Amino acid sequence: MTMDARLVRDPINTSALLARVSRPSNGAVLLFVGVVRDVNDGRAVSGIEYSAYEPMAARELGDIAREAGKRFSLEDIAIEHRVGELALEEASIGIAVAHPHRAEAYEASRWIIEEVKRRVPIWKREHYADGTREWVDPTRAAAPART
Amino acid sequence: MTMDARLVRDPINTSALLARVSRPSNGAVLLFVGVVRDVNDGRAVSGIEYSAYEPMAARELGDIAREAGKRFSLEDIAIEHRVGELALEEASIGIAVAHPHRAEAYEASRWIIEEVKRRVPIWKREHYADGTREWVDPTRAAAPART
Amino acid sequence: MSVTVLLFASYADALGTSSLRLDLEDGSTVRQLLGRLRERAGAHALPPEPMVAVNERYARGELVLAAGDTVAIIPPVAGG
Amino acid sequence: MSVTVLLFASYADALGTSSLRLDLEDGSTVRQLLGRLRERAGAHALPPEPMVAVNERYARGELVLAAGDTVAIIPPVAGG
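Residues numbered from 1 in each chain as written. Chains lettered and ligands numbered in written order. Predicted model: local features only at pLDDT ≥ 70, side-chain atom pairs only at ≥ 80, totals over all residues. Heavy atoms only, no water.

## Things to note about the pairing of strand 3 (residues 51-54) of chain D
Residues and elements named next belong to chain D.
Part 1 of the argument: Bridge count for strand 3 against strand 5 (residues 70-74) is four bridges, and the pairing is antiparallel. Looking at the pairing, Val52 lines up with Ile73 of strand 5.
Part 2 of the argument: Both strand 3 and strand 4 (residues 57-59) contribute to a ladder of three bridges, which runs antiparallel. Bridge pairing links Val54 to Arg57 in strand 4. (Pairing = 2+ DSSP bridges. Helix = DSSP H or I, 4+ residues; strand = E, 2+ residues; numbered from the N terminus.)

Shown next, in the form of structure tokens:
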């Protein structure tokens with residue numbers, strides 16, 4: 001049984017995440033990787049910086065893993081969220097889950113990423129190609145006026 | 001753009017699958033791995049053998065990738081399905097998809113695995129710990145009388 | 001006319017071969033081919049309406065076959 | 001009583017600090033603390049009801065604070 005959630009400063013090793021949840025009783029393994037995109041909201045992005053309220057963010061990540069475990073009868077979860085400066089195409093988050101059956105793996109993985117985005121105190125500052133930087137506010141980006 | 005689906009005899013390299021779909025415009029990458037389980041329907045499994053109607057199976061896999069591309073506006077898909085003899089914990093299928101946004105990645109990945117299970121002409125013979133072998137019939141396993 | 005029939009997995013085991021030739025009347029359908037196939041030993045293993053592919057595409061029972069077609073009888077698939 | 005206030009990301013930028021101490025009357029609530037915080041320069045950047053965590057747990061405006069509590073004002077989160 002793996003119930004593992006942490007903030008990391010070094011690049012996320014997705015193969016290691018997969019290995020941590022693999023067991024012979026798990027027929028389905030699902031890995032979600034969030035990646036720094038080169039464009040957001042129409043602006044060219046050159047890099048990203050994640051900062052966290054670290055003790056609380058680590059605890060919330062752990063709570064999410066445990067809650068997912070209960071909710072989806074999941075025994076194998078490994079989550080890593082990167083903090084610090086990230087280059088384009090680097091992974092900001094890796095979520096590996098494994099379950100005897102695929103339905104639960106898909107539901108759990110999706111639930112986990114939505115919870116992470118909803119409640120883990122982590123903030124993202126985008127660095128733009130024009131040299132400016134800005135904290136990203138997802139509540140604003142979702143507003144129709146922004147389209 | 002990657003639209004890649006194939007049958008393979010060698011072990012599936014999940015890192016290579018991920019690399020094939022990664023691009024700086026894709027913020028979400030999802031990898032599904034189906035793994036040979038040690039127990040099925042209560043019987044101890046020691047290994048598995050997949051056989052395929054190979055030309056048709058390869059074409060159906062390609063069709064599924066293309067259809068997923070249209071249905072979910074997905075430009076990056078890599079699917080590998082293993083054939084031949086597999087040991088426990090080896091991957092029978094790897095499905096990597098990447099998309100600018102996660103909702104489409106999850107929906108597409110799930111749709112692809114369901115379509116593979118529904119229509120790709122591949123058969124599985126389980127080898128049991130007691131030395132017997134049996135072709136798996138998922139239509140029978142789903143019947144309530146089997147529980 | 002002559003068509004090739006392919007059998008796989010449990011169907012190949014039951015009928016004792018993975019490939020055979022059948023001579024059918026011109027204009028025969030998939031369903032008629034299945035009727036002929038049922039005359040063979042071991043054919044009780046086939047369900048009432050097995051999945052069938054003609055020239056590597058899934059086909060319905062009413063499809064009319066042509067000389068040289070390859071007709072695959074597809075057991076329940078179990079990939080993934 | 002004295003509590004510690006933590007500010008992050010855009011809120012820290014707006015208020016010019018990531019941490020400060022506030023002296024409040026005993027029995028003050030989170031909402032009263034926010035009222036005091038709004039007296040400071042840059043506090044216009046705070047929304048009417050920002051997310052707040054007390055001692056690393058999300059808390060509502062009516063929560064009564066205790067001496068020594070750590071109150072984090074949480075900008076819209078953007079992890080994942």
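## Observations concerning the nonpolar core
Part 1 of the argument: If you look at the biggest cluster of nonpolar residues, it comprises 66 residues, and the most contacted ones within it are Ile112 of chain A together with Ile112 of chain B.
Part 2 of the argument: Grouped together as the second largest cluster of nonpolar side chains are 26 residues, Val21 and Ala91 of chain A together with Val29 and Ala91 of chain B included. (Core = buried A, V, L, I, M, F, W, Y, C linked by side-chain atoms within 4.5 Å. Buried < 20%, exposed > 50% of the residue type's maximum accessible area, 1.4 Å probe, protein only.)

## Considerations on unusual backbone geometry
Part 1 of the argument: Look at Asp41 of chain B: it is not a glycine, yet its phi comes out positive at around 55°.
Part 2 of the argument: Here Asp41 of chain B is to be found in the loop between strand 3 (39-40) and strand 4 (43-52).
Part 3 of the argument: Relative accessible area serves as the criterion here: at 46%, Asp41 of chain B is assigned to the partly exposed category.
Part 4 of the argument: Positive phi, normally seen in glycine, also occurs at Ala9 of chain D, with a value near 50°.
Part 5 of the argument: Since its relative accessible area comes to 9%, Ala9 of chain D is described here as buried.

## Considering the confidence of the model for chain A
Part 1 of the argument: Of the residues in chain A, 95% have a pLDDT of 70 or more, and the chain-wide mean is 93.
Part 2 of the argument: Taken as a whole, residues 143-147 of chain A scores under 50 in pLDDT and shows three contacts with residues more than four places along the chain or in a different chain. (pLDDT = per-residue confidence, 0-100. Contact = heavy atoms within 4.5 Å.)

## Digging into the interface of chain B and chain A
Part 1 of the argument: The interface of chain B with chain A comprises 31 residues on the first partner and 31 residues on the second.
Part 2 of the argument: If you sort the residues of chain B by the area they bury against chain A, Pro24, Arg102 and Tyr106 of chain B come out on top, with a joint share of 26%.
Part 3 of the argument: Connecting chain B to chain A are two salt bridges.
Part 4 of the argument: Across the pair Arg102 of chain B and Glu114 of chain A runs a salt bridge whose closest N-O atoms are separated by 2.8 Å.
Part 5 of the argument: Scanning the region where chain B abuts chain A turns up 12 residue pairs in polar contact (both at pLDDT 80 or more). (Buried area = accessible area lost by both parts, 1.4 Å probe. Salt bridge = Lys/Arg side-chain N within 4 Å of Asp/Glu carboxyl O. Polar contact = N/O pair within 3.5 Å; in protein donor to acceptor, adjacent residues only side chain to side chain.)

## Here we look at the environment of Leu88 of chain A
All names here are of chain A.
Part 1 of the argument: Within the secondary structure, Leu88 sits in the loop between strand 6 (84-87) and strand 7 (91-99).
Part 2 of the argument: Distance from Leu88 to Gly47, taken between C-alpha atoms, is 5.6 Å for residues 41 residues apart in sequence.
Part 3 of the argument: Once you skip the residues sitting within four places of it in the chain, Leu88 turns out to touch Val36, Arg37, Asp38, Val45, Ser46 and Gly47.

## Concerning the packing of aromatic side chains
Part 1 of the argument: As enumerated under the stated definition, the model contains eight aromatic pairs over all chains in all.
Part 2 of the argument: Aromatic side chains Trp123 of chain A and Phe8 of chain D sit 4.7 Å apart centroid to centroid with 15° between the ring planes, which places their arrangement in the stacked category. Note that Trp123 of chain A is positioned in strand 8 (residues 122-128) and Phe8 of chain D in the loop between strand 1 (2-7) and helix 1 (9-15), a pairing that runs across two chains. The residues Trp123 of chain A and Phe8 of chain D share a single accessibility class, namely buried. (Phe/Tyr/Trp six-rings, centres within 6.5 Å; stacked < 30°, edge-to-face > 60°.)

## Observations concerning the relation of the copies chain B and chain A
One copy of the chain maps onto the second through a rotation about an axis and a displacement along it.
Part 1 of the argument: By a simple turn and slide, chain B fits onto chain A: the slide is 0.0 Å along the axis, the RMSD is 0.0 Å, and the turn is 180°. What the rotation and shift describe, once combined, is the action of a two-fold rotation axis. Across chain B, the rotation axis passes nearest the C-alpha of Leu31 of chain B, at a separation of 2.5 Å.
Part 2 of the argument: Looking at the interface residues of chain B, 100% of them are also at the interface in chain A, so both copies use one shared face. (Least-squares fit on C-alpha atoms with pLDDT ≥ 70 in both.)

## A few points about the arrangement of the chains
Part 1 of the argument: With three pairs of chains in contact overall, the greatest share of contacts is found between chains A and B.
Part 2 of the argument: Kept free of each other, chain A and chain C leave a smallest C-alpha distance of 10 Å between them.
Part 3 of the argument: In this assembly chain C lies apart from chain D, the nearest approach of their C-alpha atoms being 29 Å.

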